[in-house]
Amino acid sequence: MNAEVGSRADTAPRVLVVDGSKVVRQLITRVLKAELPEAELVDCGSGAEARALIEQGPFDFITIALRLPDMDGLELARHVRESAQAYVPIVVVSGDVDARLHKRELGDVTDYFDKSLGFQALADFIRGYVRPEATAEGTVLYVEDSRVVALATRRMLEKIGLTVRHVVSVEDALAMLETDRAQGQIGADVVLTDVSLKGELTGGDLLERIRSHFGYGKGELPVLVMTGDENPANQAALLKAGANDLVEKPVEEKLLVTKLLFQLRVAKHLRARAQDA
């Protein structure tokens, strides 16, 4: 999946919101107007309207509901991919994306957003695509046994201000998490791990230990798994085991950074909501 926006990066971003519910469209556009005042916002309620708008001019970002009055949201996504805007980021905004996500049926979609996280989080998410943050704060526990890949990825993440704690094996990562927990800390804001590692344990094993042994939920310690395995069943298994998201290899820098920053923002949002409860 490619998150490339194209040649409009220096102009005011155009965002298309496609949802059959007028109320939902109003909520999304209201938040976006406040958070992205420079953006041109266009909304419509059907796939046919969206197709007509897309034919009239390019967009920098498109949100699509899974269920539209006249077609399935993924049918519209396929149409966009087949048009001249093959690389525009398309995000499914839905409260029931899990079933299709687990079946890996979102092939034409760049990313997805769960409505239950709230429209403020959606605004932050969209900003990450149309106006990426220059700097960020947070600690990444990064598990990668290839020195070349690790060096390139660390530079990528440290360039935007993230602190990277790099280890080469799941065993080392677990030892670090145990030490941090003994000190009353989680030790990282997000985990980024390759699924295939040279030690006895895999990235999948690390994911299982984080969710079961340590008991850290998706909001408490997000886990992104990098994988070159295109098998839908294996990808679905990682998501069902508790991965927040997958990053397909070879890694595209902008997509990886956007996904990491998104998980950091969502985790912060959920922790704040829990404290206020």
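It should be emphasised that the depicted structure is a prediction, and the values quoted were computed from it without experimental measurement. (Residues numbered from 1 in each chain as written. Predicted model: local features only at pLDDT ≥ 70, side-chain atom pairs only at ≥ 80, totals over all residues. Heavy atoms only, no water.)

## What to know about the sheet that holds strand β1 (residues 14-18)
Hydrogen bonds along the backbone pair up the strands of a sheet, which may run parallel or antiparallel. Worth spelling out the cut-off: Between any two strands, pairing holds if DSSP finds at least two bridges. Numbering goes from the N terminus for both helices and strands, where a helix is a DSSP run of H or I of at least four residues and a strand is a run of E of at least two. Between N-to-C directions, angles cover 0 to 180 degrees, with each direction set by a line fitted to C-alpha atoms, over the stretch in contact for helices.
What the five strands build is an open sheet, ordered β2-β1-β3-β4-β5; its pairing is parallel. Unpaired on one side and paired on the other, β2 (40-44) and β5 (111-114) mark the two borders of the sheet. Neighbour-to-neighbour, the strand axes of the sheet open up by a mean angle of 20°, direction not taken into account.

## Observations concerning the sheet that holds strand β9 (residues 223-227)
Read from one edge of the open sheet, five strands run β7-β6-β8-β9-β10, paired in parallel fashion. At either end of the open sheet lies a strand with only one pairing partner, and these are β7 (163-167) and β10 (245-248). Averaged over all pairs of adjacent strands, the angle between strand axes in this sheet comes to 20°, irrespective of strand direction. The sheet contact formed by strand β6 (residues 139-143) and β7 spans five bridges and is parallel. Across the sheet, the residue bridging to V140 is V164, located in β7.

## Quick look at the UniProt feature "modified residue: 4-aspartylphosphate" (unreviewed entry) in the protein chain
To keep things clear, this is the line we draw: UniProt positions are given in the numbering used here, feature names are shortened, and annotations may be inferred rather than shown by experiment. Contacts: residue pairs with any heavy atoms within 4.5 Å of one another. Each polar contact in these results corresponds to two N or O atoms within 3.5 Å; when the atoms are within protein, one needs to be able to donate a hydrogen and the other to accept it, and residues that are neighboring in sequence are counted only if both atoms are side-chain atoms.
Feature annotation in UniProt places "modified residue: 4-aspartylphosphate" (unreviewed entry) on D194, given in this structure's numbering. In this fold, D194 is placed in strand β8 (residues 190-194). Other than its neighbours up to four places away in sequence, D194 contacts V143, E144, G203, M226 and K249. Within polar-contact distance, the side chain of D194 engages the backbone nitrogen of S196 at 3.4 Å.

## What about the pairing of strand β3 (residues 61-64)?
Put simply, the rule is: Each residue is assigned to one of three classes by its accessible area relative to the maximum for its type, calculated with a 1.4 Å probe on protein chains only: buried under 20%, partly exposed between the two thresholds, exposed over 50%.
Because side chains alternate across β3, one face comprises the buried residues F61 and T63, and the other comprises I62 and I64, equally buried. Relative to β3, β1 runs parallel, the two being bridged by four bridges. Of the residues in β3, the one forming a bridge with V15 is F61. Of the pairings in the sheet, the one linking β3 to strand β4 (residues 90-94) comprises three bridges and is parallel in character. Each bridged residue has a counterpart across the sheet, and for T63 the counterpart in β4 is V91.

## As for the nonpolar core
Rules: The criterion is simple. A nonpolar core is a set of buried Ala, Val, Leu, Ile, Met, Phe, Trp, Tyr and Cys residues joined through side-chain atoms within 4.5 Å.
Counting 24 residues, the largest nonpolar core has L141, L177, V191, L206, I210, L221 and V225 as its most contacted members. Mapped onto this core, the elements with two or more residues apiece are β6, α7 (170-182), α8 (203-213), β9 and α9 (232-240). Setting aside its immediate chain neighbours within four residues, I210 contacts L177, V191, G215, Y216, L221 and V223. Formed by 23 residues, the second largest nonpolar core is a distinct cluster that contains L16, V18, L76 and V109.

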